[in-house]
Amino acid sequence: MSGTFQNTTVGAIEAGGTKFICSVGIGPDAGMLARAHFPTGDDPVRLMGKVVEWFKAQQKMHGPLAAIGVASFGPVDLDAQSRTHGFITTTPKPGWRNADILGPLRRAFPRVALGFDTDVNGAALGEHRWGAARGLDDFVYITVGTGIGGGGMARGRLLHGLVHPEMGHMGLPRLSGDDFEGACPFHGRCWEGLCSGPAIAKRTGMPAEDLPPEHPAWETVIRYAAHALVNITCVLSPRRIIVGGSVRKAGRLGEEAFFARLRAAFREIMAGYIASPSLSETGIADFIVPPDLGDDAGVCGAIALAQEAHREKS
Ligand code: ZN
């Protein structure tokens, strides 16, 4: 890819279940010229109106945007031929089922290229360009937060297909003694239903960040995550798995302890079956990693999606 496109000033939206983060820029850190947060709330039309006004104001200050990228919570419709392309589809989030994200942007900025993908594919693209997946063409990006999702690349292309991956909704073996009924409105005890932030709060009566380090829920969350990462490794054979999202910071337990225990549990469950140096006792520290871009992975991903859209249109 040419450097020209990567230095193009674009707009970016990380559309999350809690807030929409909007930015104008060319990349991470000093590459961001402006940013703003808007609470997601329960009225998509009103929120997208505010987002459009913000970008119009930014254009007056920073000049025309070459493209706008959206990395959205989902599920989303990514089929460019579909009448509902750019919509959020079956989310249980109140007010957001069949919400049109791309339409208001298309109408407000008819000449601007638009990029649209899942939040996790966006974050994966951001980590590929600027972060923990630089130089890797086969990797997975997971978020464990309000929901659980996974995206990534195979042979340097973002994972798409029928729709997009929904790794958070995989079924997992029940841990002995865990009779929690789950929190996913579609599947009950899928990974997201067992271990998302809201699922942890439902199981323990308190938010994950408040759990004491010795609380048994940490072991439960880590074991399930390890099972899921083993499944992902067996199915997709990634060269690295980046684990982002708020739960991975592990509150009072701490991110370092969370990753150390996750890597150990992964090796125990894998039981030496895949013989790769990346999965060895020392190699695993570079196989299961936190995002380099930290909490900015999503919004940086949206910048990268916009630059891709601009490149494709040019
Ligand atoms: Zn589910």
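For the structure itself, consult the block above.
Report on the accompanying structure.

Cut-offs and rules
- Residues numbered from 1 in each chain as written.
- Predicted model: local features only at pLDDT ≥ 70, side-chain atom pairs only at ≥ 80, totals over all residues.
- Heavy atoms only, no water.
- Donors = N, O, S within 2.8 Å, 3.2 Å for Na, K, Ca; no water.
- Tetrahedral: all angles 85-135°; square planar, octahedral: opposite > 155°, others 65-115°.
- Buried < 20%, exposed > 50% of the residue type's maximum accessible area, 1.4 Å probe, protein only.
- Salt bridge = Lys/Arg side-chain N within 4 Å of Asp/Glu carboxyl O.
- Helix = DSSP H or I, 4+ residues; strand = E, 2+ residues; numbered from the N terminus.
- Axes fitted to C-alpha atoms, helices over the stretch in contact; angles between N-to-C directions.
- Parallel < 35°, antiparallel > 145°, perpendicular 65-115°, else oblique.
- Contact = heavy atoms within 4.5 Å.
- Nonpolar A, V, L, I, M, F, W, Y, C, P; charged D, E, K, R; others polar.

1. What to know about the coordination of the zinc ion
Distances from the zinc ion to its protein donors, namely H169 (ND1), C184 (SG), H187 (ND1) and C190 (SG), fall within the range 2.1 to 2.4 Å. Each of the four donor atoms around the zinc ion contributes to a set of angles spanning 101 to 124 degrees, which defines the coordination as tetrahedral. For the zinc ion, the single-chain donor residues occur in sequence as H-x14-C-x2-H-x2-C. Given the relative accessible area of 7%, C184 is considered buried. The class for H187 is partly exposed, based on a relative accessible area of 48%.

2. Points about the pattern of salt bridges
Applying the stated criterion to the full structure yields 11 salt bridges. One salt bridge connects E268 with R223, and the closest N-O pair in it is separated by 3.3 Å. Remark: R223 occurs in helix α7 (residues 216-236) and E268 occurs in helix α8 (residues 255-270); sequence separation between them is 45 residues. Residue E268 is classed as exposed on the basis of its relative accessible area, which comes to 54%. The partner of D295 in a salt bridge is K249, with the nearest N and O atoms 2.7 Å apart. In this pair, D295 is assigned in the loop between β12 (288-289) and α9 (297-313) and K249 in the loop between β11 (241-244) and α8, connecting sequence segments 46 residues apart. A residue is classified by how much of its surface remains accessible, and K249, at 33% relative accessible area, is partly exposed. In this structure, a network of salt bridges that share partners links the residues R129, E308 and R311.

3. Section: the packing of helix α4 (residues 119-130) against α9
One way to put it is that α4 packs onto α9 with a least axis distance of 7 Å and a crossing angle of 85 degrees. Judged on the interaxial angle alone, α9 and α4 are roughly perpendicular. For the pair α4 and α9, contact is made by G122, A123, L125, G126, E127, R129 and W130 and by A297, G298, C300, G301, I303, A304, L305, Q307 and E308, respectively. In the contact of α4 with α9, the residues fall into eight nonpolar, five polar and three charged.

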